[in-house]
Each structure stands twice: as structure tokens, then as C-alpha cells.
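# Architecture at a glance
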Amino acid sequence: MTRSTPTPSAVVPAEQQEREAAITRQVLDSFANCPDPRLQHVLQSLVQHLHAFVREVRLTEDEWTKGIEFLTRTGHITDERRQEFILLSDVLGVSMQTVAVNNEASGDATEATVFGPFFVENSPRIEHGGDISFGAAGEPCWVEGTVTDTAGKPVPEARIEVWEADEDGFYDTQYGDDRMAARAHVFTDSEGRYSFWGLTPTPYPIPHDGPVGGLLAAAGRSPMRASHLHFMVSAPELRTLVTHIFVRGDEFLDKDSVFGVKESLVKDFQVQRADAPAPDGRELSDRTWRRVRFDIVLAPDAS
């Protein structure tokens, strides 16, 4: 039988409050002898917040069951190509909150944003001015910039991983075959400079045919992500940066489904005429193209 949903603001009798608090104390005490202080702190804090949530919303047993079923479906749809739990973390803003906690401001260091579920190890290496598309469809886009530290010193041999969706809004891993496209890595030169050809980013929906998509639909939220290009930049003795750049003027900048947009990361992707000469002399077959500059500043490694 379905219980009626209680009113969260209803007054809970003192005796009932004590009964509920006693359960929380009992669970907290069960971790008292945890040999790892950090693990003990995390588990006890988790228990306190979860129990407080249950009490605050007066969670029904039916709602608890539905929540367990939702998490079970999330696990079942997750595999080596699709990480539904990352999507769940993203749309709840937990990913961005974790990014904020772990990337404290340091001078004018470039801001970080979400990692996302589509990074792949062992991307191909390209040289300066190389093309990351490897056959992926989209408008060509010239990307260039520098990598420096917070003192303004160029960072040579910084590794820059880049990946993005094609013009149809799909990453290579979503096609179900063995292609590797629209992703690569490049190293900065002796003066910290880099450049490559990519694709002009386009907006796309996060995978919404699973439990997370159902959650967004039930909540009246859009699954759309603002147009972006992913970067992960690493160098010795500097904090690894995971970030995106976004297209100025994109209609989803203020309603990105994973809350990843930061104003400092919104860039001008300047449209170039088909007859405009490419920076490296590339023949573009009478196609329009774009160019964007992204200068990256890495914070010191505090670990």
C-alpha cells in the first residue's frame, strides 16, 4: 500500500525526533574504530547528511524504494563506454562543486570545469598545427595559445589533451565502433606555444535515454550542453588543469545541463571567410572556418 506523502514542514513530536536521532548516533558510533581517520571523517559526515536529508524531507518508504531502483538502473546502464554515474553527478552539480573545492583560485590561473564522461586514454599525438578531427565532421577551427605559470613564465613541453563532439553532437565513443576521432594531444614548444586544427563546437544533449535523462525530464530540465571544447593540461610541478572553452553567443551558456560554464572560459570563435588564408596555409576548399585563442595559465602544484 502506498503511504501518503508527509508534509516536510510538519511538526515532528519530540519523542519521534529523539528516536530518529538515536539511529543516527548508533550508525556514527559504528565507525568509531575506523583505522583511517580520513575515511572515518568522510563516512560519518556522509551518514549525518544522509540521515538529515531523510528526516528533513520525511522520506517515504516508496520514495526510498524508487531511489534504490533508480540507482540500480544507473549501474546497469554503465559500461566501459558509458558512465551514467558521472552524468548523475554532473546534472546534480556535484561534479562542479568537487571541481571548485579542489581547484582553489591561485592568481590568474585558468579556471577548471567538469571532466565529463568522454575522455579516452592514449589519444594520438599531433604536431603543432596538426588536425585532431581524424575524419570527424564539422566546421574547421584553428585553435592557438600559450601555456604559462602564474608568474607569466612559459611552460615548454606541457601536454595538452583535447577532445570534442562532432557537428552532430556525438563523441567518437558513442558510435559503438573502434574509431578515434576529434581527440588528440599536443605538446607546447620551447616558448609555451601550441596550435591545432579542431572543429567548431556545437551544442548537444548529454545522453538522456537512461535514468539520468528520465530524471531531467521529470524535473522539467533540458539535457543540453553549451558548445565546448575540452582541455586537460599537465606539466611537472604545476596543477593539472581540466577545463573547457565555450562559444560566445551560444544559446545554452546560461542553462548548461552540468553547470560547467564560467565567464572566463567563454571565448570568441571568430568566423573567417572561405577565401581568408589559413594560418598554416591549409587549403580549406572554399569553406568558412573559425579561429579562437586560448591562453592557459597553470597554478602551482600544491600536493
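I will try to describe carefully the structure that is included in this document. Since the structure is predicted, the reported quantities are computational estimates derived from the model, not experimental observations. (Residues numbered from 1 in each chain as written. Predicted model: local features only at pLDDT ≥ 70, side-chain atom pairs only at ≥ 80, totals over all residues. Heavy atoms only, no water.)

## Some details on helix α2 (residues 37-57)
This is how it is decided: Numbering goes from the N terminus for both helices and strands, where a helix is a DSSP run of H or I of at least four residues and a strand is a run of E of at least two. Multiplying 1.5 Å by the residue count of a helix minus one yields the expected span of that helix. We define a polar contact as two N or O atoms separated by no more than 3.5 Å, with the added condition that, inside protein, one atom must be a possible hydrogen donor and the other a possible acceptor, whereas residues neighbouring each other in sequence contribute only through side-chain atom pairs.
Between its terminal C-alpha atoms α2 stretches 30 Å, which fits the 30 Å expected from 21 residues at 1.5 Å a residue. Structurally, the start of α2 carries an N-cap: the backbone nitrogen of Arg 38 is 3.0 Å from a side-chain oxygen of Asp 36. Positive phi shows up at Arg 58, right after α2, with a value of about 50 degrees.

## A few points about the sheet that holds strand β10 (residues 266-267)
Stated precisely, the cut-off is as follows: Two strands pair if DSSP finds at least two bridges between them.
Across the sheet, 5 strands lie side by side as β4-β3-β8-β9-β10; this open sheet has mixed pairing. Every other strand in the sheet has two partners, leaving β4 (183-187) and β10 as the edge strands with one partner each. As paired strands, strand β3 (residues 159-163) and β4 are joined by 5 bridges and run antiparallel to one another. Opposite Trp 163, over in β4, you have Arg 183 as the bridge partner.

## Observations concerning the environment of Gly 152
By secondary structure assignment, the location of Gly 152 is in the loop between β2 (140-149) and β3. Through-space distance from the C-alpha of Gly 152 to that of Asp 108 is 9.6 Å; in sequence the pair is 44 residues apart.

## Let's talk about the pairing of strand β8 (residues 228-234)
Consecutive side chains of a regular strand alternate in pointing toward one face of the sheet and then the other. Filter applied, for reference: Exposure is judged per residue with a 1.4 Å probe applied to protein chains only, and the accessible area is read against the type maximum: over 50% gives exposed, under 20% gives buried, and values in between give partly exposed.
For β8, the tally of buried residues reaches 6 of 7 residues, placing the bulk of the element in the interior. Pairing analysis gives 5 bridges linking β3 to β8, with the strands arranged antiparallel. If you follow Trp 163 over to β8, its bridge partner there is His 230. Here β8 pairs with strand β9 (residues 241-247) via 6 bridges, running antiparallel. Bridge assignment links Leu 229 to a residue of β9, and that residue is Ile 245.

## Focus: the packing of helix α3 (residues 61-77) against helix α4 (residues 84-91)
Note the threshold: Angles run from 0 to 180 degrees between N-to-C directions of axes, and those axes are lines fitted to C-alpha atoms, restricted for helices to the stretch in contact. Convention used here: angles under 35 degrees read as roughly parallel, angles over 145 as roughly antiparallel, angles from 65 to 115 as roughly perpendicular, and any remaining angle as oblique. When checking whether two residues touch, look at their non-hydrogen atoms; a contact exists if any pair is within 4.5 Å. Gly counts as polar in this scheme, as do all residues outside two lists: the nonpolar Ala, Val, Leu, Ile, Met, Phe, Trp, Tyr, Cys and Pro, and the charged Asp, Glu, Lys and Arg.
Put simply, α3 and α4 touch, their axes get as near as 8 Å, and they point 130 degrees apart. If you check the angle between α3 and α4, you find them oblique. Taking contact as the criterion, the partners of Phe 70, Leu 71, Thr 74, Gly 75 and Ile 77 in α3 are, on α4, Glu 84, Phe 85 and Leu 88. The residue makeup of the contact of α3 with α4, split by class, is 5 nonpolar, 2 polar and 1 charged.

## Brief notes about the packing of aromatic side chains
For any two aromatic rings, the description comes down to two numbers: the centre-to-centre distance and the angle of the planes. What counts, and what does not: In summary, the pairing rule links any two rings of Phe, Tyr or Trp, Trp by its six-membered ring, whose centres are within 6.5 Å, and it sorts them by plane angle into stacked for under 30 degrees, edge-to-face for over 60 and tilted for everything else. For a ring to carry a charge above it, either NZ of a lysine or CZ of an arginine must fall within 6 Å of the ring centroid while also lying within 35 degrees of the normal to the ring plane.
Taken as a whole and judged by the stated rule, the model has 12 aromatic pairs. Ring centres of Phe 115 and Trp 163 lie 5.9 Å apart, and the angle between their planes is 70 degrees; this geometry places the pair in the edge-to-face category. With Phe 115 in the loop between α5 (94-102) and β1 (130-131) and Trp 163 in strand β3, the pair connects residues that are 48 residues apart, well separated along the chain. Overall, the relative accessible area of 34% leaves Phe 115 in the partly exposed class. Residue placement shows Arg 179 over the ring face of Tyr 175; its charged tip is 3.9 Å from the ring centre. The lysine or arginine in question, Arg 282, covers the ring of Trp 197, its NZ or CZ lying 4.8 Å from the ring centre.

## Points about the packing of α3 against helix α6 (residues 211-219)
Taken N-terminus to C-terminus, the directions of α3 and α6 make an angle of 135 degrees; their axes are 9 Å apart at the nearest point. When the interaxial angle is binned, α3 and α6 end up oblique. Between α3 and α6, the contacting residues are Phe 70, Arg 73, Thr 74 and Ile 77 on the first element and Pro 211, Val 212 and Leu 215 on the second. A per-class count over the contact of α3 with α6 returns 5 nonpolar, 1 polar and 1 charged.

In short, geometric facts, not functional conclusions.
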